[in-house]
Each structure stands twice: as C-alpha cells, then as structure tokens.
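This is what each chain is made of:
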Amino acid sequence: MAPPPPARGAAAGVLRAAALGTERAGLRLQPELLRDGTAAPGNTGWLRRAEPSRTGGEGRAGPRPRPCRTISSENVSQLSWEECSSSNAIALKIGSIIIESKNQEMSTNLKYLSLGILVFQTTSLVLTMRYSRTLKEEGPRYLSSTAVVIAELLKILTCVLLVYKDSKCNLRTLNRVLHDEILNKPMETLKLAIPSGIYTLQNNLLYVALSNLDAATYQVTYQLKILTTALFSVSMLSKKLGVYQWLSLVILMTGVAFVQWPSDSQATAAKEHSAGSQFVGLMAVLIACFSSGFAGVYFEKILKETKQSVWIRNIQLGFFGSIFGLMGVYIYDGEQLSKNGFFQGYNKLTWIVVILQALGGLVIAAVIKYADNILKGFATSLSIILSTLISYFWLQDFVPTSVFFFGAILVIAATFLYGYDPKPAGNPIKA
C-alpha cells in the first residue's frame, strides 16, 4: 500500500506532540523509507513498537502496521481517525486531548470577544441614536420606523452573505441551503414570527425612549431587562439561579430605582422636556425591557432546540421583522411618508445609527451562541460608564448626581456579583 501523503500544519504538530507522549510507552515514530533506504521527504511516518533484536539489543523495528488515514489540517478538527493499532491509539488519544483543549480555549476567546464587541456596539448605538434624535436641523427629521425597516433589510443581506461564505461561495449551494432551510421548513420559519414582532416593537420603543431620556439614564434603566430575562429564563428554560444571582437582581432593581429618583438637577431638564415626555420615555423603556427579556429567551430556546445555523435564523427574523416594520410605517407614519418620502431626513449620522442597529442583532446572536442570554444582558451594563462620560462631556444633556452615581455603582456591582461563582471547598486530605 502506498504511504499516505504528508500531514501538514496543525496535524503535523499534533503528531509530533503525540510522538513525544508515546516514548515512555516504548513507541517510536519512524519515517517511511524509500527503496534506497532514505526517508521520504516530509513524511510523518508510522508509529512502531521497537522490538529487541535476537542478540538482546534494540534491533530493527517490527513489521509495519496498517497505515492510518491521512490526517490533514482540513479534517483535524473532526477527530474521526481509525484505530489502526494499539500504538497509534495511544498517540491519537494524546492528540485528541490537545485539540480538544485548543477548541475550548478558542470558544472562550470567542465568547469574551463577542461580549466586548457587544459593549462597544451598545454604547455607540445609544449615543448616536440619542444625538440623532435631538440634533436640530432644517427640514423634517427622519422617521424611526423607516430606520427599523432598513436595519432589518441590512441584517438579512449580511446574513445571506455569511451563508454564502459558509457555502464556499457557491450560488447553487446557497440557493439549495436557503430553499431547504427556509422554504421547505415553513413551521420552523413561522416560529420566528413571534420574537421577530416583539423585536420590531422593541426597536421602535428604543427610539421613543431616547427621544425623551438622556443616554445615561436610559442605559441604566434599560438594564432592568436583565431582571426580565432572568425571570423568563427560569420559567421558560428551567434555569436555576443561585443565591448570589438572585441577590444581584435585587441589587439591580435597587440601583435602577436610585437612578430614577428625582433630584434638583432635573429641574433644568424639566424645562426642556415636559413631564409627559419624561413619563413616555420611562414607559417606553419599561415595555422594551419586558419585550427584550421574553424575545431573547424565546430566541435562545429556538436556537438550542434546532440545528439550523444562527445566520439562517436571523434571515427568518429579518424577514418577519421587515414585514412588521413596514406595517408600522404605513399605520403610524403613513401621512408623513406620503408628503416627504421614505428617506426623509436621512443623513450620514442616520445611516450610522441604522448600521449599528443592524450589527447589534448579529452581535447578540453571536453572544447567545457562545454565551448565555443573561450574561449578554450583564455585559451591556459595562457600557453605562462610557455612556455616562460621553453623555456628560460630549452631548452635554446630562448632569450626574451623587444619587445617580450610587445607583450606577449598584448596577455595576450587581453585574460582577451575578458572575461570581463560589468554588466549593475541597475535602481535606486525610493523612
């Protein structure tokens, strides 16, 4: 039988590490020899057990075992290797442990990377959205309902491109995947109509809230979605929360209450915004918290119960979201739409807000894939500090007070308390 082609890249590294681990087992990694007795170039060879010669010393290796299937960098993650002999089984076991450790490390890195991107996206979206809704310009202001629709369409386009990439840039494969996963599974697709409609409502409520509340107050108050997410996770996903997690939720509610506590510094803001608009902004945030908690947990449940990719699921979400969004445009803003058009008031800042909102859905989907939904909510709490500082120094529409700082500190403390995982004390070693 002809020798297998050489293993390169990651596979070669695994074989070298496996060979080192088999020395104590009396195994030797020997290269395949050509007819002239020289080693084949780049050949990693086979593992052989060194047998003592008839004279008592270590002589020539025994008969060559049946060679294993070639291990290349393309299939090294599959770990579907044949157990060719007891020697190879030991080596491949070591190699599988090494690769499994690498995969776990990569998964952890992706989790924290996605959480970091989410913090950046949340902070920048809130600040730019607030600035775009309060910026005074000539002409009509852009309609938030149309911005929601455009964000959903951009999300669909981005997900289609990602599926196209996963299909090895083959249009025929892309068409088959979309047809099999969406059109041929109507019931699975219809499951996304419920969270999609709630997400569309939530996105419109965020524009209403930021039109009536400053960015810092909005950010802290919106963290109540952590509480709603936790409650829906317990009821819908049967998750169990520890004592520290329940305590963190109580601290979270206390912190938000302090942030909403009226103070003398709000007298200036009251002149610019009526009491009715402040109330509207607060109610919009509260409704958005409940809708975010339910839709997020519902979407997480669907992702974990099915094997469809997260990008296919986001295409389905964007499809229903764009339909519900267009319905909202013509129901609530139909008159203004007929006068000034769909893209009235759009500028560079508006498009930045739309792109950030479209990116946010994909980032949240990635966070749900690599972490859990409650951890996603707590990660956004870290953006409170950035939102407060930028809102004070750049937007200049917010004056923090000692009560606000105390409430914000409680919310951030709740973030770290929820992530605290007390390690059980180990049993003492008896002498």
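Residues numbered from 1 in each chain as written. Predicted model: local features only at pLDDT ≥ 70, side-chain atom pairs only at ≥ 80, totals over all residues. Heavy atoms only, no water.

Looking now at the packing of helix H6 (residues 193-210) against helix H12 (residues 310-332). Where H6 meets H12, the axes come as close as 8 Å, and the angle between the chain directions of the two elements is 50°. By the angle between their axes, H6 is oblique relative to H12. Crossing angle aside, the handedness with which H6 passes H12 is right-handed. Along its contact with H6, which presents Ala 193, Pro 195, Ser 196, Gly 197, Tyr 199 and Thr 200, the element H12 presents Leu 317, Phe 320, Gly 321, Phe 324 and Gly 325. Among the residues making up the contact of H6 with H12, the classes are represented as six nonpolar, five polar and no charged. (Axes fitted to C-alpha atoms, helices over the stretch in contact; angles between N-to-C directions. Helix = DSSP H or I, 4+ residues; strand = E, 2+ residues; numbered from the N terminus. Parallel < 35°, antiparallel > 145°, perpendicular 65-115°, else oblique. Left-handed = near helix turned anticlockwise from the far one by under 90°. Contact = heavy atoms within 4.5 Å. Nonpolar A, V, L, I, M, F, W, Y, C, P; charged D, E, K, R; others polar.)

Okay, the nonpolar core next. Within the largest apolar cluster, 50 residues are counted, with the highest numbers of intra-cluster contacts made by Met 129, Tyr 207, Tyr 218, Val 220, Tyr 222, Val 285 and Phe 404. Core analysis: the next-biggest nonpolar cluster, separate from the first, contains twelve residues, Leu 192, Tyr 298, Val 310 and Leu 317 among them. (Core = buried A, V, L, I, M, F, W, Y, C linked by side-chain atoms within 4.5 Å. Buried < 20%, exposed > 50% of the residue type's maximum accessible area, 1.4 Å probe, protein only.)

Turning our attention to the packing of aromatic side chains. One pass over the structure, following the stated rule, counts 13 aromatic pairs. By way of ring pairs, the aromatic residues Tyr 142, Tyr 207, Phe 342, Phe 343, Tyr 346 and Trp 351 are connected into one cluster. The ring of Tyr 142 has Arg 133 lying over it, and the distance from NZ or CZ to the ring centre is 4.8 Å. (Phe/Tyr/Trp six-rings, centres within 6.5 Å; stacked < 30°, edge-to-face > 60°. Lys NZ or Arg CZ within 6 Å of the ring centre and 35° of its normal.)

A surface patch of nonpolar side chains, about 780 Å² in accessible area, is lined by Ile 385, Leu 386, Leu 389, Ile 390, Tyr 392, Phe 393, Trp 394 and Val 399. Within the secondary structure, Leu 389 is located in helix H16 (residues 383-395). (Patch = residues over 30% accessible without salt bridge, like charges linked within 9 Å, V, L, I, M, F, W, Y side chains within 5 Å. Areas by Shrake-Rupley, 256 points an atom, 1.4 Å probe, with all protein chains shown as cover. Salt bridge = Lys/Arg side-chain N within 4 Å of Asp/Glu carboxyl O.)

What follows covers the pattern of salt bridges. Per the stated rule, a full pass over the model turns up seven salt bridges. Taking the shortest distance from any N to any O, the salt bridge between Arg 313 and Glu 188 comes out at 3.0 Å. With a gap of 125 residues between them, Arg 313 in helix H12 and Glu 188 in helix H5 (residues 186-190) connect regions that are remote in the sequence. For the salt bridge of Lys 239 with Glu 300, the shortest nitrogen-to-oxygen distance reads 3.3 Å. Pair noted here: Lys 239 is in the loop between helix H8 (225-236) and helix H9 (243-259) and Glu 300 is in helix H11 (residues 275-305), with a separation of 61 residues, a long-range link. Take Lys 239: its relative accessible area is 22%, and that puts it in the partly exposed class.

Once that is clear, we can look at H8. For H8, spanning twelve residues, the distance from its first C-alpha to its last is 16 Å, which sits close to the expected 16 Å at 1.5 Å a residue. For H8, every residue scored as buried is listed here: Lys 225, Ile 226, Leu 227, Thr 228, Thr 229, Ala 230 and Ser 233. With its phi angle positive at about 55°, Ser 238 sits one or two positions after the end of H8. (Expected span 1.5 Å × (residues − 1).)

Tracing the sequence through the fold places Thr 306 in the loop between H11 and H12. Measuring from C-alpha to C-alpha, the distance between Thr 306 and Glu 188 comes to 8.9 Å, with 118 residues separating the pair along the chain. Residues contacting Thr 306, with those up to four places away along its chain left out, are Glu 188 and Arg 313.

The predicted coordinates ought not to be read in detail in places where the model reports low pLDDT. Summary statistics for the protein chain give a mean pLDDT of 74 and a share of 64% for residues scoring 70 or more. This model gives residues 426-431 a pLDDT under 50, and the stretch forms zero contacts once residues within four places in sequence are excluded. (pLDDT = per-residue confidence, 0-100.)

The phi dihedral of Lys 168 is positive, around 60°, even though this residue is not glycine. Among the secondary structure elements, Lys 168 is positioned in the loop between helix H3 (144-166) and helix H4 (171-183). A positive phi angle, close to 55°, is found at Cys 169, a residue other than glycine. Within the secondary structure, Cys 169 is located in the loop between H3 and H4.

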